Amino acid sequence: MQTADAVIIGGGCMGTSVLYHLAVRGCTDVVLLEADALASGSTSKAAGGIRLQHADELNTRVTLRSLEEFTRFEELTGTPIGFKQVGYLFILDNDADMAFFRAASEQQQRLGIPTEVLGPEAAREHVPGLDLTGVVGATFCPLEGYATPEAVAQGYAVAARALGSRIRVGERVIRILTEKDRVIGVETATGVISTEVVVMAAGVNSTELAAPLGFELPVIGEARTIYFTSETAGVPDDAPLVIDFTSAFYFHREGNGLIFAGPHRELEDLSGRATARLPAIADVPIERSWWGFYEMSPDHNAMIGRAPIEGLFYAAGFSGHGFMQSPAVGEYLAELVLGLKPTLDLSSFSADRFAGGGSRREHFII
Ligand SMILES: Cc1cc2nc3c(=O)[nH]c(=O)nc-3n(C[C@H](O)[C@H](O)[C@H](O)COP(=O)(O)OP(=O)(O)OC[C@H]3O[C@@H](n4cnc5c(N)ncnc54)[C@H](O)[C@@H]3O)c2cc1C
């Protein structure tokens, strides 16, 4: 019988972050089980955006805490993550959104974050090729940016392994084993690992792992596609990540080209809005595209915490903003598992909030 102090299910940015944050607190008798390859789920499909501009103040606090780790990531783990701190530019085309973003920017400023509210002309200074027809204003925060999500997962994994943690890829957890409402282990195709602590960080698969235990963790996968162009469409290297909030079309520089995306199922549906906002994008060839799951929760906020089964913890349902939150979430879950006082209390993200019809909706979902 194999044993471990804890088992983590899932080797995306969340699972590896929990592994790392346990390891740096001295908890290294831990096994991370990944069904496929590290970062092979939503993590490697993400655009890598790291933003502080959220409607829910707790999301801003989570990314602010995470930002501290992203900016020191290579120093902490030895792995570079290509963090480009170029800011986010939200483009707004109606007064209601403008009021909403203005209120959010004031909330961010109270936390010491220098989010600016801009007129259309000031927005164009960030990206000269933008067509701002119909735009009433914009917001910009220079602390935001983007990094490489799979490098973050690999960096956490390498650093945790160096401290003694174990990682097994290509090993799917078939079920979580319990006895009298307590975790006693996990079962995989190669056998059972006996443990009193399991952390579920299985992305869109979290629901099906939790359900047999009578624990409802509602995550729905929503397919999203990203397109990569091998030319820049005149977008400067240091341009911010730009989001046209009404259509959710967004783009940022990626290497010698651009990535762009939106919630649209078909490229034809996205291209009208894309070329209206950035006309030069019509002339650049799309070199490749990929898709992955946004892991949607019912209120578009994360579900993080302790399940009503002793020893079972979870982090799922990040609704398209999990990468940017992974450092703080991994830190919080490690503290929860070890019974330590949380550095940033995320108990209000417990999935308990849905009992009795409660929720806390995040509105700034891209
Ligand atoms: C197109 C797109 C763009 C995005 N852009 C951004 C962005 O700009 N910024 C941002 O913050 N977020 C973004 N996201 C969201 C982000 O990718 C996710 O929120 C984040 O990666 C979730 O990480 P995770 O570790 O929880 O899940 P995943 O990365 O999905 O990891 C879960 C892992 O669990 C494994 N697994 C599942 N079941 C089992 C099992 N039974 N046994 C063992 N292993 C199992 C899977 O193989 C997978 O590797 C984007 C997502 C997509 C799809």
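Along each chain, numbering runs from 1 in the same order as the chain's sequence is written. Predicted model: local features are reported for residues with pLDDT of at least 70 only, side-chain atom pairs are reported and counted for 80 or more only, and whole-chain, interface and lining totals are derived from all residues. Only hydrogens and water are removed before side-chain values are computed, so all heavy atoms of the structure are retained for them.

The next point concerns the packing of helix α1 (residues 13-23) against helix α7 (residues 149-162). In this analysis, axes come from line fits to C-alpha atoms, helices being fitted only over the stretch in contact, and the angle between any two N-to-C directions falls in the range 0 to 180 degrees. To qualify as a helix, a DSSP run of H or I must reach at least 4 residues; to qualify as a strand, a run of E must reach at least 2; elements of each kind are numbered from the N terminus. Across the interface, α1 lies against α7 with an axial gap of 8 Å and an inter-helix angle of 30 degrees. In terms of their interaxial angle, α1 and α7 are classed as roughly parallel. Crossing of α1 over α7 shows left-handed handedness. Contacts between α1 and α7 involve Cys13, Thr16, Ser17, Leu19, Tyr20, His21 and Ala23 from the former and Ala153, Tyr156, Ala157, Ala159 and Ala160 from the latter. Here is the rule for angles: anything less than 35 degrees is roughly parallel, anything more than 145 is roughly antiparallel, 65 through 115 is roughly perpendicular, and the remaining ranges are oblique. In this scheme the crossing of two helices becomes right-handed for a clockwise turn of the near helix relative to the far one and left-handed for an anticlockwise turn of less than a right angle. Residue contacts are defined here by distance: any two heavy atoms, one from each residue, within 4.5 Å place the two residues in contact.

Our focus in this paragraph is the side chain of serine 17. Mapped onto the secondary structure, serine 17 falls in helix α1. In contact with serine 17, not counting residues within four places along its chain, are Tyr156, Ser326, Pro327, Gly330 and Glu331.

Counting through the fold element by element, alanine 248 comes out in the loop between β15 (241-244) and β16 (249-254). Residues alanine 248 and proline 218 lie 30 residues apart in sequence; the distance between their C-alpha atoms is 24 Å. Not counting chain neighbours up to four residues away, the residues in contact with alanine 248 comprise Ala261, Gly262, Pro263 and Ile366.

What follows covers the pairing of strand β2 (residues 6-9). Categorising residues by exposure relies on relative accessible area from a 1.4 Å probe, with only protein chains included: less than 20% of the type maximum marks a residue as buried, more than 50% marks it as exposed, and the intermediate range marks it as partly exposed. Burial along β2 is two-sided: the residues Ala6 and Ile8 and Val7 and Ile9 are all buried. For two strands to count as paired, DSSP must find a minimum of two bridges between them. Bridging between β2 and strand β3 (residues 30-34) involves four bridges; their strand directions are parallel. By the bridge assignment for β3, valine 7 is matched with valine 31. One crossover worth recording links β2 to the parallel β3 by way of α1, and it is right-handed. Where β2 meets strand β13 (residues 198-200), three bridges bridge the pair, whose relative direction is parallel. Here the term right-handed applies to a crossover when the path leading from its first strand over the helix to its second strand runs clockwise, the strands being oriented away from the viewer.

On to the side chain of serine 326, then. Tracing the backbone shows serine 326 in helix α10 (residues 326-338). Looking at serine 326, the relative accessible area reads 0%, which means it is buried. Apart from residues lying up to four places away in sequence, serine 326 is in contact with Cys13, Met14, Ser17, Ser66, Phe70 and Val152.

Domain extents, as shown, originate in an automatic or database domain assignment. Domain annotation for the protein reports domain 1 (2-47 + 149-219 + 298-357) and domain 2 (88-142 + 221-296). A C-alpha centroid distance of 31 Å is found between domain 1 and domain 2. Overall, the association of domain 1 and domain 2 removes approximately 1100 Å² of surface from exposure, summing both partners, and the carbon and sulfur fraction of that is 60%. Salt bridges are counted wherever a side-chain nitrogen of Lys or Arg sits within 4 Å of a carboxyl oxygen of Asp or Glu. For the pair domain 1 and domain 2, the interface holds zero salt bridges. Throughout this description, a polar contact denotes any pair of N or O atoms lying within 3.5 Å of each other; where both atoms belong to protein, one of them has to be capable of donating a hydrogen while the other can accept it, and for residues adjacent in sequence the pair is counted only when both atoms sit in side chains. Applying the counting criterion to the domain 1 and domain 2 interface returns six residue pairs in polar contact (both at pLDDT 80 or more). Broken down by class, the residue content of the side of domain 1 that touches domain 2 amounts to eight nonpolar, six polar and one charged. The term buried area denotes the loss of accessible surface (1.4 Å probe radius) that occurs when two parts are joined, taken as the sum for both partners. All amino acids are sorted into three groups, where Ala, Val, Leu, Ile, Met, Phe, Trp, Tyr, Cys and Pro are nonpolar, Asp, Glu, Lys and Arg are charged, and the leftover types, Gly among them, are polar.

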